Amino acid sequence: MAKLNENFSKLKKNYLFVEISKRIKAYSESHPEEAKRLIRMGIGDVTRPLAPAVVDAMKKAADEMGVKETFRGYDDLGVGYDFLRNAISDYYKSFGAEVSADEIRVSDGAKSDCGNIVDIFGAGNTVLVTDPAYPVYVDSNIMNGNEVIFADSTEENGFAAMPDSNIKADLIYLCSPNNPTGSVYNKAQLKEWVDYALANNAVIIYDAAYEAFITEADIPRSIYCVEGAKKCAIEICSLSKTAGFTGTRCGYTVVPNELIQKDIAGNDVKLADIWQRRQGSKFNGVSYPVQRAAEAVFSPEGQKQCRENIAYYQENARVIAATCDKLGIKYTGGVNSPYIWLKCPNGMGSWDFFDKLLTEIQVVGTPGAGFGKNGDGWFRLTAFGTHEATKEAMERLENLLK
Ligand code: MLT
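Description of the structure in this document. Note that the structure is predicted; figures quoted are calculated from it, not measured.

Digging into the side chain of D207
Position of D207 among the secondary structure elements: in strand 6 (residues 203–207). No salt bridge is formed by the buried D207, whose closest oppositely charged neighbour, K241, lies at an N-O distance of 9.0 Å. Within the local environment of D207, its side chain forms a polar contact with the side chain of Y137, the two groups lying 2.6 Å apart. Aside from chain neighbours lying at most four places away, what touches D207 is C114, Y134, Y137, L174, C175, S176 and I236.

Pasting the structure below:
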């Protein structure tokens, strides 16, 4: 008989966004008329089409694949073509971070890398995750049998948990701009985390998937803007939100050459080497047309067009924030993030508020409790919808709560 990975029994029954989809489906089946009015502001999925420069590059690459002379098979090492890794390295330079092309590994997205990176760490680590957090960090550690402890991100600390010198973590997950709260770490705060990691020989896994939404000039776009970070941090990023690649799939992970830990025998091990080893056995790279499309994101034209899409979502964030202001609802996010993290009115629990919005005004958001215990009583709305739907949803919310 095959023995199963019993750790799966320790997980919540469904992944958060699957749970939400199931609830929407059940509601839609029992209320088909009302369901026609549904406005989805739950999962952070984009609605703007890909930038024209990106589509052109993808089409051109697809054509190349149909011609004997330009056809490509496997992407050699599966780490990404040089043209894309160089473009990403230049992108890092544009906001003051030094990352060489050989430290970058292209993947099918940040979610996979956030989950897969757990493979390179052994059993018995103390894994520290800020709470609330993107559920992938906790789920993937539970699947591998790791114990997770939490650093509280609360209203009191501006949803920006800071290191506690009494706790000795080995692995630390940070996300800035934060999913779900939209809060950001400034340079001094990130430096505290870097200093803590260096002092404890810990590794930070830094999720920068929302960096393109940063509007405040003094907020770092990468942890590598902070001195010492290349000795202790892995950074994971994605084009899903930067360039609307949620359905196209492309991301990248930076494992710096300076990031070295000791193995059990006391030998130095470059984490980049074992990540490469893991990917070599389990991943065959991203398709050539998608890598060409990704390269186009970083071209001047691609950047201009992607920034226009981001500005479109930022306008939605402004509309959501303005509605919360009008209703006297407390919130964070929206300024450096596509997410508005709001306090449920009248002390409601976040799943109760979810049900209320779904059944009374047919607006779907994400219950904060799905991101951890500190999320209960909070609720996340995404700015990734259309202007029309966002405005309509906010009018309904205003009528419901005023
Ligand atoms: C979210 O809504 O939190 C994200 O879109 C989910 C994801 O990126 O996997």
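Details of the packing of helix 11 (residues 300–327) against helix 13 (residues 387–401)
Between helix 11 and helix 13, the least distance of the axes is 10 Å, while the angle of their chain directions is 10°. In terms of orientation, helix 11 and helix 13 fall into the roughly parallel class. Along the contact surface, helix 11 presents Y312, E315, N316, V319, I320, T323, K326 and L327, while helix 13 presents H387, E388, T390, K391, M394, L397, E398 and L401. A class-by-class count of the residues in the contact of helix 11 with helix 13 yields seven nonpolar, four polar and five charged.

Topic: helix 1 (residues 16–30)
Here helix 1 spans 22 Å end to end across 15 residues, near enough to the 21 Å set by a 1.5 Å rise per residue. Along helix 1, the positions that sit buried rather than exposed are L16, F17, I20, I24 and Y27. Taken down its axis, helix 1 places every buried residue within 90° of arc, on the same side. Set apart from the buried face of helix 1 by more than 90 degrees, the exposed residues are K25 and E29.

Overview of the packing of aromatic side chains
Applying the stated criterion across every chain yields a total of 24 aromatic pairs. Look at Y92 and Y252: their rings are 6.3 Å apart centre to centre, the planes differ by 80°, and that puts the pair in the edge-to-face class. Separated by 160 residues along the polypeptide, Y92 in helix 4 (residues 82–94) and Y252 in strand 8 (residues 251–254) bring together distant segments of the chain. Summarising the burial analysis for this pair, Y92 and Y252 share the class buried. The structure contains a cluster of three or more aromatic residues connected by ring pairs, namely Y15, F17, F159, W341, F371 and W378. For R48, the ring lying beneath its charged end belongs to Y312, and the centroid distance is 4.1 Å.

Re the site of the ligand
The full set of residues close to the ligand is F17, I43, G44, K111, Y134, N179, Y210, K241, Y339 and R380. G44 places a main-chain nitrogen or oxygen 2.7 Å from an oxygen atom of the ligand. Interatomic distance of 3.5 Å between a side-chain N/O atom of Y339 and an oxygen atom of the ligand. Summarising the interface, the protein chains cover 86% of the accessible area of the ligand, which totals 260 Å² for the free molecule. In the shell around the ligand, the residues fall into five nonpolar, two polar and three charged.

Considerations on the sheet that holds strand 4 (residues 148–152)
Overall, mixed pairing links the seven strands, which are arranged 2-8-7-6-5-3-4 in an open sheet. One side of each edge strand has no neighbouring strand; the edge strands of this open sheet are strand 2 (104–107) and strand 4. On average, each strand axis in the sheet is tilted by 25° relative to the strand beside it, whichever way the strands run. As judged from the four bridges shared by strand 2 and strand 8, these two strands associate in the antiparallel manner. Looking across to strand 8, one finds that R105 is bridged to T253. Packed onto the sheet, helix 7 (residues 187–200) meets strand 3 (127–131), strand 5 (171–175) and strand 6 and runs at close to 165° relative to strand 5.

Re the pattern of salt bridges
Counting across every chain of the model gives 22 salt bridges. Salt-bridge contacts for E64 lead to K60; the nearest nitrogen and oxygen are separated by 4.0 Å. With E64 and K60 both in helix 3 (residues 52–65) and four residues apart, the pair spans about one turn of that helix. R318 serves as the salt-bridge partner of E315, at 2.8 Å between the closest nitrogen and oxygen. With a gap of three residues between them, E315 and R318 both fall in helix 11, about one helical turn apart.

Things to note about the sheet that holds strand 14 (residues 366–367)
Note: strands within a sheet are paired through backbone hydrogen bonds, in either parallel or antiparallel orientation. Across the sheet, four strands lie side by side as 11-12-15-14; this open sheet has antiparallel pairing. If you trace the sheet from one side to the other, it starts and ends with strand 11 (331–333) and strand 14, each paired once. By the bridge criterion, two bridges tie strand 14 to strand 15 (residues 378–382) in an arrangement that is antiparallel. Its bridge partner being in strand 15, T366 is matched across the sheet by R380. Set on the sheet, helix 12 (residues 350–361) makes contact with strand 12 (339–343), strand 14 and strand 15; between it and strand 15 the angle comes to about 45°.

What counts as what
- Residues numbered from 1 in each chain as written.
- Predicted model: local features only at pLDDT ≥ 70, side-chain atom pairs only at ≥ 80, totals over all residues.
- Heavy atoms only, no water.
- Helix = DSSP H or I, 4+ residues; strand = E, 2+ residues; numbered from the N terminus.
- Buried < 20%, exposed > 50% of the residue type's maximum accessible area, 1.4 Å probe, protein only.
- Lys, Arg positive; Asp, Glu negative; His and termini not counted.
- Salt bridge = Lys/Arg side-chain N within 4 Å of Asp/Glu carboxyl O.
- Polar contact = N/O pair within 3.5 Å; in protein donor to acceptor, adjacent residues only side chain to side chain.
- Contact = heavy atoms within 4.5 Å.
- Axes fitted to C-alpha atoms, helices over the stretch in contact; angles between N-to-C directions.
- Parallel < 35°, antiparallel > 145°, perpendicular 65-115°, else oblique.
- Nonpolar A, V, L, I, M, F, W, Y, C, P; charged D, E, K, R; others polar.
- Expected span 1.5 Å × (residues − 1).
- Arc of directions from axis to C-beta.
- Phe/Tyr/Trp six-rings, centres within 6.5 Å; stacked < 30°, edge-to-face > 60°.
- Lys NZ or Arg CZ within 6 Å of the ring centre and 35° of its normal.
- Near = heavy atom within 4 Å.
- Areas by Shrake-Rupley, 256 points an atom, 1.4 Å probe, with all protein chains shown as cover.
- Pairing = 2+ DSSP bridges.

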